[in-house]
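Architecture and fold: a report
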Amino acid sequence: MSHVGVGPRAVTRSVAFLTAGVLAVPALAGCSSEDPSGKPLAGQDIASASRARISDGGTLRWAVDSLPDTLNTFQSDADATAARVAQAVLPSMYRMDETGRPVRNPDYLESAEVVETEPKQVVVYKLNQQAVWSDGREVGAADFAAQWRALSGKDSAYWTARNAGYDRIEKIQRGAGDLEVKVTFSRPYADWKSLFTPLYPKDVMGTPDAFNDGARRKLKVTAGPFAVKEVDTEDDEVVLTGNPRWWGEPAKLDKLVLRAVPRDKRVSELVAGELDLAEIDPGTAEQAGLAAAPRDAATGTPLTGPDGTPAAGSGGSAHPGPQGRSAAQALRSWAVANGSDEESAEEEILAREERREARAKLERRQRALSGFEVRKSLEPAYTQLALNGADGPLADERVRRAVARALDREKLAEAVLGPLGLPTEPVGSHLALSGQAAYADGSGALGDQNAKEARALLADAGWVPGGPVKESEDGEKKAAGAKGEKDKDGKDEKKSEGGDDGTYIVGEDDQSTDDQSTDDQSTDDKNTDDKEKGEKEKGADSSGKNTAQGGAPGAYAPKGTAAPAGSATGPLAKDGKALTLRFVLPSGPGSEALRTVADRISDMLEKIGVGTDITKVPDESYFKDHVASGEYDLALYSWPASAFPATDARPIYAKPVPAADGSLNVAQNYTRVGTDQVDQLFDQAMATLDQKEARNLLRKADSRIWAAAGSLPLYQRPQLVAARKNLANVGAFGFGTPVYEDMGFLKKGAHGSRPSATPSS
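Since the model is a prediction, treat every value here as computed from it, not as a measurement.

Some points on the overall build of the protein chain
Along the protein chain, the regular secondary structure elements total 19 helices and 27 strands. The buried share of the protein chain, reckoned over its 761 residues, is 54%. Total accessible area on the protein chain stands at roughly 32,200 Å², and carbon and sulfur atoms take up 47% of it.

So this is what it looks like as structure tokens:
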């Protein structure tokens, strides 16, 4: 099981789970070196086909992670399945395109624009005049107004999980008619396109009782290509059927069944013919011989036979070579079975029979799976290393930065994505992914991987090679000489290499400190502000030491700080205690990739003298009892990407504040690392209607998040989907919102288009 940390808003945006084993602006006109947003690293893989090539009718059985507890995506217990149902049955004003940007959904919205900014922001929506609810009523201003009142946060009787954006609306009025909606905001709101997606009927939003309980197991009134027929708790499935009042292109499928199937059971269900479509983990794909086939030594691309299965005899299956045994083994088996030793012969005959049965079972399995293929892309989510800055060694920003700079993110991404034949570029932003409007590589604010400077930062923080580590009475590791060795004059014995004055400026390696405006920021820009401004804003003292959390380039190791050459010869220590970090990981069968990454991280940290104590915990308690509660030093989990980072990412990186009861209110900032500057930049980005200015503010916020080193984005998550070969317009969607009415089974002889994983320019 992989782990994706999301809030209630992110559930509706990214279609992702908190513990998922499983989430407007014009599209990019082109890519150039001046555009820091770049392009998506991998395109959709959905076997695209025109509707004319798809048969009418059929049932698509689609595996999901769980049966939803509610169909109201604005409640706290809503999950990814609820979001998927909402996409198929409810209006959405905007949907995501292949670059992760919101685009108008013409089935519901003819136009939407900001018509006034002074004295207040006013947005006018003009709805599709054909849009009607399944009870025959027009989708109109009354539905917008009911949803606003329910989600505004003004009435506590509504059990809402969030009110972001809706709390900025002052009033909603009918325009020229019921199909024109005029929304006036009390405060400017840049992410207004995030609102009213999904849009529920006023029957659900109109009263607290209807909101709280009326849409948990059923949705009587819908307005999408599909309608909810039933939520079957006995068979663990949600059944959707075509909506007869749908005004758009009719759904090709008769029925869409979302079945809750555990990830480790999905291949068996595919083999048994009980599923047509299932997202699977890399480990599961490898076991099935579907995705992780033998690799080309040069490219790492899976090698497959002509039918897409692992190449015979190359290790892709459990039975190498003809019939799973070499010629020598087969000859020996025959000799023993026909030999004079009756006891050995009988045992070998039984063993041969077992092998024949195993081969027959494998052949049946392979035949069943031959009708499937793995469609792969990159999920709109990224895996990060979280560094808990609440207490312990990582409360010191210098230690966090040292840990971050010890890691080779490219190697970590290669370890996970390379074997799958997917692009292995590390993620360069906390707030967006490559191709999205707000994306720019801000990792220069932290600096490149550099073990020498990492050790210098640790030395400046007081962590130095401390000699033998001893066990105390309680079993805690201790070390002597924590303050390091000094010469007889009391000065540091070692000097820095290279003949300089011993000052290391982290993140400004051989780079200019000239101030650059955010308008000129690009992916290879390694600075966020000039040195003088950085010292003023981040509290740098006269010695050059960075004394404030969250500074951009310039976590300084002052003059005289030794940067130990080569690998640390022993564990680092301070005040007699070894520098060992608690690394908490999930233990479930779907978390092999996380554990592989954790092992590599531990090896990299060991080279700078930092130890790790890896603890594997049950999946069900990993997030709640460890990550969310702060019981860890290092942890790996994922966040979904959002088209609206000013709104959706703020609670993830906002500075924790004391609550009334004395506890710390961290919202979704489970690293407990935040700064006032980052909060201010988010607030400014949320309040500006100039899209270019908003993007620049977000990129500046991202640079400061990198500099604070509370979290380290590693790689975009792989998305592997086992699909019947004759299924079209469904699979690994990447950023894009599924078009449910176009899904279906190809006509005999028709084929869908399978693009490469890496899109062309």
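Focus on the nonpolar core
In terms of nonpolar packing, the biggest core is built from 106 residues, with Trp62, Tyr125 and Phe196 touching the most fellow members. Sorting elements by how many residues they give to this core places helix α3 (residues 141–151) first, with seven residues. Each residue touching Phe196, except ones within four places of it in the same chain, is listed here: Pro91, Ser92, Met93, Tyr125, Phe144, Gln147, Tyr166, Ile169, Ile172 and Val183. If you look at the next biggest cluster of nonpolar residues, it comprises 59 residues, including Leu394, Leu422, Val597 and Leu714.

A short note on the confidence of the model for the protein chain
Averaged over the protein chain, the pLDDT score is 81; the fraction of residues at 70 or greater is 76%. For residues 5–33, every residue scores under 50 in pLDDT, and the model assigns this stretch 104 contacts once sequence neighbours within four places are set aside. For the stretch residues 564–568, pLDDT sits under 50, and the model shows nine contacts to residues farther than four places along the chain or on other chains.

Regarding the environment of Gln129
Mapped onto the elements of the fold, Gln129 is located in the loop between β5 (122–127) and α3. Its relative accessible area of 58% is what places Gln129 among the exposed residues. Each C-alpha atom, one on Gln129 and one on Val139, is 8.5 Å from the other, the two residues being 10 residues apart in sequence.

Regarding a negative patch on the surface
On the surface, a cluster of negative charge is made up of Asp341, Glu342, Glu343, Glu346 and Glu347. Its place among the elements puts Glu347 in helix α9 (residues 342–369).

So, the side chain of Asp742
Mapped onto the elements of the fold, Asp742 is located in the loop between β26 (727–728) and β27 (744–745). In this structure the side chain of Asp742 is engaged in a polar contact, spanning 2.9 Å, whose partner is the side chain of Arg51. With residues up to four places along the chain from it excluded, the contact list for Asp742 reads Arg51, Ile54, Ala728 and Asn729.

Structural notes on the packing of aromatic side chains
Tallying each qualifying case throughout the model produces 20 aromatic pairs. Among the aromatic residues, ring-to-ring pairing joins Phe74, Tyr94, Tyr125, Phe144, Tyr166, Trp192, Phe196 and Tyr200 into one connected group.

A word on the pairing of strand β7 (residues 180–185)
Of the pairings in the sheet, the one linking β5 to β7 comprises five bridges and is antiparallel in character. Looking at the pairing, Tyr125 lines up with Val181 of β7. Pairing between strand β6 (residues 169–174) and β7: five bridges, direction antiparallel. If you follow Ile172 over to β7, its bridge partner there is Val183. In this structure, the hairpin formed by β6 and β7 is closed by a connection of five residues.

Some points on the side chain of Ser429
Topologically, Ser429 is positioned in the loop between α11 (409–417) and α12 (451–460). In this structure the side chain of Ser429 is engaged in a polar contact, spanning 3.0 Å, whose partner is the backbone nitrogen of Leu431. Separated by 3.3 Å, the side chain of Ser429 and the backbone nitrogen of Ala432 make a polar contact. Among residues more than four places away in sequence, those in contact with Ser429 are Tyr382, Tyr439, Ala440, Asp702, Trp706 and Pro713.

Looking at the pairing of strand β12 (residues 372–387)
Across the 16 residues that make up β12, a large majority, 16, are buried. Here β12 pairs with strand β25 (residues 711–724) via 12 bridges, running antiparallel. Paired with Leu378 across the strands is Pro718, a residue of β25. Bridging between β12 and strand β22 (residues 634–640) involves seven bridges; their strand directions are antiparallel. Its bridge partner being in β22, Gln384 is matched across the sheet by Tyr637.

Cut-offs applied
Residues numbered from 1 in each chain as written. Predicted model: local features only at pLDDT ≥ 70, side-chain atom pairs only at ≥ 80, totals over all residues. Heavy atoms only, no water. Helix = DSSP H or I, 4+ residues; strand = E, 2+ residues; numbered from the N terminus. Buried < 20%, exposed > 50% of the residue type's maximum accessible area, 1.4 Å probe, protein only. Areas by Shrake-Rupley, 256 points an atom, 1.4 Å probe, with all protein chains shown as cover. Core = buried A, V, L, I, M, F, W, Y, C linked by side-chain atoms within 4.5 Å. Contact = heavy atoms within 4.5 Å. pLDDT = per-residue confidence, 0-100. Patch = residues over 30% accessible without salt bridge, like charges linked within 9 Å, V, L, I, M, F, W, Y side chains within 5 Å. Salt bridge = Lys/Arg side-chain N within 4 Å of Asp/Glu carboxyl O. Lys, Arg positive; Asp, Glu negative; His and termini not counted. Charge placed at Lys NZ, Arg CZ, Asp CG, Glu CD. Polar contact = N/O pair within 3.5 Å; in protein donor to acceptor, adjacent residues only side chain to side chain. Phe/Tyr/Trp six-rings, centres within 6.5 Å; stacked < 30°, edge-to-face > 60°. Pairing = 2+ DSSP bridges.

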